[in-house]
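Spelled out from the first residue to the last, the chains are:
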Amino acid sequence: MSQSFLDRLRSGEILVSDGATGTNLQARGLMRGMASEQWVLDNPEAIVRLHRDFIEAGSNIVLTSTFGGTALRLEHNDLHVRAAEINRRAVELARRASGGRPVLVAGSMGPTGHLLEPLGPLTRGDAVKAYADQARWLAEGGADLLLIETQFDLAEAAAAVEGARLVTRLPLICSFSFDMGRHTMMGVQPAQVAREFTALDVDVIGVNCGRSLDENLEALKAMRTATDKPIWMKPNAGLPRMGDDDAAIYDVTPAMMGEAAIQWRAVGAQVIGGCCGTTPEHLRAIARTAQAARVA
């Protein structure tokens, strides 16, 4: 399956990733502030159901529920002692959800939650080790590819790439969140990411999360001009506002997301999906865009 991901990219196929993990699980009962990795252990059927909902909506790539799955990040929830188990089991749950269908499982690897020296206490060596450990656990679990996502710091993302490449040759994606509009919270710009990571051992470069569809589209355009590698596009359904019951409400509708996906394709994104606020209904609209591209 890992080779089929690269083969499908080389053939020009438009691939469809899934939608949000955290916001959808919260809508299904995950307590706010609880790591979704906790449900990998305590409520695995909810994880499987969400994967299946996205697959049935049209996803042919699903992300494991391991965004915060480095041992460093899991320390915040006292789950670090079970980090290996969580990552391996999350792959198993995603695979079970596929039901034998040709769905690729992407091992999700988010930020460690610590700033690197000199801005924070985390050494580069410790960051490399944390990502190497997570990449190894995901690979051992049977992931088809790895996704280093929602990055904002070039140094941490490069450490993640190095760590992953120390332990596996699985296809590797690195995606940044330009949550300040034209740059990340660390001042990193899309073209800068594209140039620097084109030179590293990654297969796909991407944009995910962020603030608005318009800003993410501009980030995608800037990235496309600076790299010839395939591009991953997985933006938020806008920024949330709080409803009367303190639930997050995302105002971007499925129809709006589907229309936006047409633009992502026109600019050159080859893998499309959604991040925070993207429900299976949003994903179904995105998948229709991909299907139309295949027919055309």
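Use the structure listed above.
Residues numbered from 1 in each chain as written. Predicted model: local features only at pLDDT ≥ 70, side-chain atom pairs only at ≥ 80, totals over all residues. Heavy atoms only, no water.

Some points on the packing of helix α4 (residues 44–57) against helix α6 (residues 83–98)
One can describe the packing of α4 onto α6 by two numbers: an axis separation of 8 Å at closest approach and a directional angle of 45°. Put simply, α4 runs oblique to α6. Considering how the two elements wind past one another, α4 and α6 form a crossing that is right-handed. Contacts between α4 and α6 involve Pro44, Glu45, Ile47, Val48, His51, Arg52 and Ile55 from the former and Arg89, Leu93, Ala94, Arg96, Ala97 and Ser98 from the latter. Partitioning the contact of α4 with α6 into residue classes produces seven nonpolar, two polar and four charged. (Axes fitted to C-alpha atoms, helices over the stretch in contact; angles between N-to-C directions. Helix = DSSP H or I, 4+ residues; strand = E, 2+ residues; numbered from the N terminus. Parallel < 35°, antiparallel > 145°, perpendicular 65-115°, else oblique. Left-handed = near helix turned anticlockwise from the far one by under 90°. Contact = heavy atoms within 4.5 Å. Nonpolar A, V, L, I, M, F, W, Y, C, P; charged D, E, K, R; others polar.)

So, the nonpolar core
Counting 72 residues, the largest nonpolar core has Leu146, Phe176, Val193, Phe197, Met223, Trp264 and Ile272 as the members making the most contacts within it. If you tally residues by element for this core, the top one is α6, at eight residues. Phe5, Leu104, Val204 and Trp232 belong to the second largest nonpolar core, which has 14 residues in total. (Core = buried A, V, L, I, M, F, W, Y, C linked by side-chain atoms within 4.5 Å. Buried < 20%, exposed > 50% of the residue type's maximum accessible area, 1.4 Å probe, protein only.)

Here's the deal with the layout of surface pockets
It is the rolling of a water-molecule-sized probe over the atoms that shows where space remains empty. Its boundaries defined by the atoms lining it, the largest pocket holds a volume of some 580 Å³. The wall of the largest pocket is formed by 28 residues, among which Thr21, Gly22, Thr23, Ser36 and Phe67 lie closest to the centre. At the level of secondary structure, the elements contributing two or more residues to the lining of the largest pocket comprise α2 (22–27), α3 (36–42), α5 (71–74) and β4 (145–151). A total of three residues in the lining of the largest pocket trace back to one element, the largest contributor, which is α2. Space inside the second largest pocket adds up to approximately 350 Å³. Along the wall of the second largest pocket there are 17 residues; nearest its centre are Thr23, Gln26, Ala27, Ala248 and Tyr250. Mapped onto the lining of the second largest pocket, the elements with two or more residues apiece are α2, β8 (240–242) and β9 (248–250). Here the lining of the second largest pocket takes four residues from α2, the largest share from any one element. A breakdown of the residues in the lining of the second largest pocket according to their chemical character gives ten nonpolar, six polar and one charged. (1 Å grid on protein atoms, 1.4 Å probe; cavity = no way out; pocket = protein on both sides within 12 Å on 5 of 7 lines; lining within 4 Å. Points joined across faces, edges and corners; volume = space filled by probe spheres on them.)

Re helix α7 (residues 124–141)
Note that an α-helix has 3.6 residues per turn; residues three or four places apart therefore point the same way. With 18 residues, α7 extends 26 Å from end C-alpha to end C-alpha; this agrees with the ideal 26 Å at 1.5 Å per step. For α7, the full list of buried residues reads Ala127, Val128, Ala130, Tyr131, Ala132, Asp133, Gln134, Ala135, Trp137 and Leu138. Tucked inside the fold, the buried residues of α7 contact α5, α6, β3 (104–109), β4 and α8 (154–167). At the exit of α7 stands Gly142, carrying a positive phi of roughly 105°. (Expected span 1.5 Å × (residues − 1).)

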